[in-house]
Protein chains: 2
Amino acid sequence: MSKSEKYAIGVDLGGTYIKFGIVTENGKIVRKSFVDTKAEGGPDVVIKQMKKGLKELLDPDKIKIEGIGIGSPGIVSKKKGTVENPPNLPGWGKVQLGHLIEKTFKLPTFVENDANAAAIGELIFGAGKNYKSFVMITLGTGVGGGIILNKKLFRGDFGAAGEIGHITIDINGPKCGCGSYGCIEAYAGNSYLIQNTKEGLKNHQDSKIVELISDDFNALTPKVISTAAELGDPFANEVIKNLGRNIGFALASVSNLLDVSTFIIGGGVAGFGKLLLDNIEMSLKQRVLKSLVPRCKVLPAKLKNEAGIKGASSLVFYSI
Amino acid sequence: MSKSEKYAIGVDLGGTYIKFGIVTENGKIVRKSFVDTKAEGGPDVVIKQMKKGLKELLDPDKIKIEGIGIGSPGIVSKKKGTVENPPNLPGWGKVQLGHLIEKTFKLPTFVENDANAAAIGELIFGAGKNYKSFVMITLGTGVGGGIILNKKLFRGDFGAAGEIGHITIDINGPKCGCGSYGCIEAYAGNSYLIQNTKEGLKNHQDSKIVELISDDFNALTPKVISTAAELGDPFANEVIKNLGRNIGFALASVSNLLDVSTFIIGGGVAGFGKLLLDNIEMSLKQRVLKSLVPRCKVLPAKLKNEAGIKGASSLVFYSI
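Please read all numbers here as calculations on a predicted model, not as lab measurements.

1. Quick notes on the overall build of chain A
When you go through chain A residue by residue, the secondary structure sums to 10 helices and 13 strands. Expected size for 320 residues packed as a compact globule is a radius of gyration near 20 Å; at 20 Å, chain A falls within 12% of this value. If one aligns the C-alpha atoms of chain A with their principal axes, the spans along those axes are about 60 × 50 × 40 Å. Sequence-distant contacts in chain A: of pairs separated by 6 or more residues, those separated by 24 or more amount to 62%.

Here it is, written out as structure tokens:
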């Protein structure tokens, strides 16, 4: 580690693991670790786990750390460092996460919504570097989003902006976990995608997917669908194409509303690769206002699994 | 006219009429006029009409005018004063409207998209005065929109932001004039609304609407639907309720994306009044993310027919 370089800690608080990284100002991770979230224990246990992980990360030698950045699910008040009702973290209500970590480690601590942190990561270190404005979509358990306007994160009235997962593409569509119907998350969120694919397989028993999971439908994951598609399975290809089409339709609404035409796609399901991205771009261009078509661009995220840690660490160095 | 007050001219460029007003800094219209747009003549004729109207308005006595503000359909580059592809103004392509008017009248001239100008009008003089952020929806031939964030108009990358009419509520819905399907404009735009109501009347021959139009379906207007609803006609009521529901669904997507929860409804169809607004608010609250529900508000526009003129005039005095 160079003496002239500056370091921050990035924390990616997930439902299963809390991931940590010591990251340079330029986005290089010099040390990484993780602990179990133990989400079922409620906020006290989770925060204990986070503190334990941070201590272990800091212990080995005394690197000067400028601050801690945390990406957390839920609605985050960046100013106060509070986290509200994070999905997948039961019992949280409203927790003063930033304050609690800052008190223990005596380091400036910044908290941001995880999808927003990923967008900031892409803006500073990744695929968004050369764009003034873009929308980042994170395809995972849910469908998250972060809106960058003029190189700044757009937070909305109360820090809840960017809920792209809850753009409706069909008011009569499938019920979404949020209570509404036909949200894009109800098509593209991991569990919905798996459920829909299982349904579809009933009429496609010859699909390579069935072979890959050895008839055990509980083994069905996005990765399996991706592998089957690469093996040329027509049904798996259709699943990915349909997913791309639906996401593209949602992005057309976003583009028409915001006059923003660059979209960056990240998260696990984005591993569907070029086939997914091409179909997103195609349906976006089919549906968006004609004047926007020439500018529309769909790009893969660059930071992959490290977006959370890098984006969170950048909260310490950059005021976005 | 008081000597200490400042005056600007507001111009509302519509497909049928160009409306003019001399307006004080506080939004009081002291003189009004209008000319035919003669849109079919193309941009040269329309600009000639605008100049004629402006000359007549300025002639009677020599009031000192600070500048001219123009609200125009189409995509407007505020900086350059150019107007691009305005719907309902055939043959325009790209026209340097601001420059042409400024050259003739030697007055600072500002051009803004008409829906944006209406939103600015509501922000400064109307229903949006007490809100930091809101979205204005103008229900007319099309469904226009203007987004106010932190007391500023949000323009997007190229000045085209706010196309709320082209938020899709059903990807398999009716074809919209923009080429897409299921845009809210394809339900709530005047001609679509009239067309759908005509269709519906086939099964509701007992509706008061049929009586009011004396069986002449060409006489069907939003005003007639409104009158029938006020007379207690169940079908007319259902039309307005459905319209409100669909608009509310679109606004839920907007609210989830932007974390903006105040909506101001203007334009002719907004004359459907409380029944329309209540149904917009109800369906918005049904579909929006739970955390946003308590803040959601749907308000009627205050400036009515004068929003265009007042909003345009305010471009001269206020940098929004």
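From this point, the narrative continues.
2. Remarks on helix 3 (residues 114-125) of chain A
All names here are of chain A. Between the first and last C-alpha of helix 3 there are 16 Å, a value that for 12 residues agrees with the 16 Å anticipated at 1.5 Å per step. For helix 3, the buried fraction is high: 12 of the 12 residues fall into the buried class. For helix 3, the full list of buried residues reads Asp 114, Ala 115, Asn 116, Ala 117, Ala 118, Ala 119, Ile 120, Gly 121, Glu 122, Leu 123, Ile 124 and Phe 125.

3. Let's talk about the domain arrangement of chain A
By a frequent convention, interface size equals the accessible area lost on bringing the separate parts together. All names here are of chain A. Its domain assignment divides chain A into domain 1 (7-120) and domain 2 (130-301). A C-alpha centroid distance of 27 Å is found between domain 1 and domain 2. Taken together, the contact between domain 1 and domain 2 spans 12 residues of the former and 14 residues of the latter. Mapped by element, the contributors of at least two residues to the side of domain 1 that touches domain 2 are strand 5 (75-77) and helix 3. By residue number, the principal contributor to the side of domain 1 that touches domain 2 is helix 3, which donates six residues. Looking at the side of domain 1 that touches domain 2, its residues break down into seven nonpolar, three polar and two charged.

4. Brief notes about the environment of Lys297(A)
Residues and elements named next belong to chain A. By secondary structure assignment, the location of Lys 297 is in strand 13 (residues 297-300). Judged by the 14 C-beta atoms lying within 10 Å of it, Lys 297 is partly exposed. Sequence separation between Lys 297 and Ser 261 is 36 residues, and the spatial gap between their C-alpha atoms is 6.2 Å. Leaving out residues up to four positions away in the same chain, Lys 297 has contacts with Ser 261 and Thr 262.

5. A closer look at the packing of helix 7 (residues 222-230) of chain B against helix 8 (residues 234-258) of chain B
All names here are of chain B. Remark: helix 7 packs on helix 8, axes separated minimally by 7 Å, with the N-to-C direction vectors making an angle of 120°. In terms of orientation, helix 7 lies oblique with respect to helix 8. Helix 8 is crossed by helix 7, and the crossing has left-handed handedness. Touching Ile 225, Ala 228 and Ala 229 of helix 7 are Ala 236, Asn 237, Val 239 and Ile 240, all from helix 8.

6. Looking at the interface of chain B and chain A
In this assembly, 35 residues from chain B lie in contact with 35 residues from chain A. Class assignment of the residues belonging to the side of chain B that touches chain A gives a composition of 17 nonpolar, 12 polar and six charged.

7. Quick word on the packing of helix 8 (residues 234-258) of chain A against helix 9 (residues 273-287) of chain A
All names here are of chain A. Relative orientation of the contacting elements helix 8 and helix 9 amounts to 40°, with a least axis distance of 7 Å. It follows from the interaxial angle that helix 8 and helix 9 lie oblique. As for the relative orientation of helix 8 and helix 9, their crossing is right-handed in sense. Between helix 8 and helix 9, the contacting residues are Asn 237, Ile 240, Lys 241, Leu 243, Gly 244, Arg 245, Ile 247, Gly 248, Phe 249, Leu 251, Ala 252 and Ser 255 on the first element and Leu 275, Leu 276, Asn 279, Ile 280, Glu 281, Met 282, Ser 283, Leu 284 and Arg 287 on the second. In terms of residue class, the contact of helix 8 with helix 9 is made up of 11 nonpolar, six polar and four charged.

8. Description of the relation of the copies chain B and chain A
Overlaying chain B with chain A gives an RMSD of 0.1 Å, the required rotation being 180° about an axis along which the chain moves by 0.0 Å. These values place the two chain copies in the arrangement generated by a two-fold rotation axis. Among all C-alpha atoms of chain B, that of Asp170(B) lies closest to the rotation axis, at 2.0 Å. A shared binding surface is used by both copies, with 100% of the interface residues of chain B retained as interface residues in chain A.

9. Quick word on the nonpolar core
In this structure, Ile184(A) and Ile184(B) are the most contacted members of the largest nonpolar core, which totals 194 residues. Beyond its immediate chain neighbours, meaning those up to four positions away, Ile184(B) contacts Val143(B), Ile164(B), Gly165(B), Ile167(B), Ile169(B), Asn246(B), Ile247(B) and Ala250(B).

10. A closer look at the confidence of the model for chain A
Mean pLDDT over chain A: 93, with 99% of residues reaching 70 or higher. Across the interface, the model reports ipTM at 0.92; the global pTM reads 0.93.

11. Side note on the sheet that holds strand 3 (residues 29-36) of chain A
All names here are of chain A. With mixed pairing, the five strands of this open sheet are ordered in space as 3-2-1-4-8. What marks the edges here is a single partner per strand, and that holds for strand 3 and strand 8 (109-113). Pairwise comparison of adjacent strand axes, ignoring direction, gives a mean angle of 20° for this sheet. With seven bridges connecting them, strand 2 (residues 17-24) and strand 3 associate as antiparallel partners.

12. Brief notes about the sheet that holds strand 13 of chain A
Read from one edge to the other, the open sheet built from five strands follows the order 11-10-9-12-13 (chain A), with strand pairing classed as mixed. Edge positions in the open sheet fall to strand 11 (152-153) and strand 13 of chain A, since each of these has one partner strand only.

13. So, the pairing of strand 2 (residues 17-24) of chain B
Residues and elements named next belong to chain B. Counting buried residues in strand 2 gives six out of eight residues, a clear majority hidden from the surface. Sheet analysis places strand 1 (residues 7-13) next to strand 2, joined by seven bridges and oriented antiparallel. Considered in strand 2, the bridge of Val 11 is made with Phe 20.

14. As for the environment of Gly21(B)
Within the secondary structure layout, Gly21(B) lies in strand 2. Taking the C-alpha atoms as reference, Gly21(B) lies 8.3 Å from Ala8(B); in sequence the two are 13 residues apart.

15. Some thoughts on unusual backbone geometry
All names here are of chain B. With a phi angle near 65°, Lys 151 is a residue other than glycine that sits in the positive phi range. Within the fold, Lys 151 resides in the loop between strand 10 (143-149) and strand 11 (152-153). We classify Lys 151 as partly exposed; it has 14 C-beta atoms within 10 Å. Unusually for a residue other than glycine, Asp 215 sits at a positive phi of about 65°. Following the sequence through the fold, Asp 215 ends up in the loop between helix 6 (208-212) and helix 7. Residue Asp 215 is classed as exposed on the basis of its 9 C-beta neighbours within 10 Å.

16. So, the environment of Ala161(B)
Residues and elements named next belong to chain B. With respect to the helices and strands, Ala 161 occurs in the loop between strand 11 and helix 4 (185-188). For Ala 161, a count of 25 C-beta atoms within 10 Å gives the class buried. Put simply, Ala 161 and Asn 113 are 48 residues apart on the chain and 9.9 Å apart in space, counted from C-alpha to C-alpha.

Rules behind the numbers
- Residues numbered from 1 in each chain as written.
- Chains lettered and ligands numbered in written order.
- Predicted model: local features only at pLDDT ≥ 70, side-chain atom pairs only at ≥ 80, totals over all residues.
- Helix = DSSP H or I, 4+ residues; strand = E, 2+ residues; numbered from the N terminus.
- Rg over C-alpha atoms; globule rule 2.2 N^0.38 Å.
- Contact = placed C-beta atoms within 7 Å.
- Expected span 1.5 Å × (residues − 1).
- Buried ≥ 20, exposed ≤ 12 C-beta atoms within 10 Å, placed from the backbone.
- Domains from an automatic or database assignment.
- Nonpolar A, V, L, I, M, F, W, Y, C, P; charged D, E, K, R; others polar.
- Axes fitted to C-alpha atoms, helices over the stretch in contact; angles between N-to-C directions.
- Parallel < 35°, antiparallel > 145°, perpendicular 65-115°, else oblique.
- Left-handed = near helix turned anticlockwise from the far one by under 90°.
- Least-squares fit on C-alpha atoms with pLDDT ≥ 70 in both.
- Core = buried A, V, L, I, M, F, W, Y, C linked by C-beta atoms within 7 Å.
- pLDDT = per-residue confidence, 0-100.
- Pairing = 2+ DSSP bridges.

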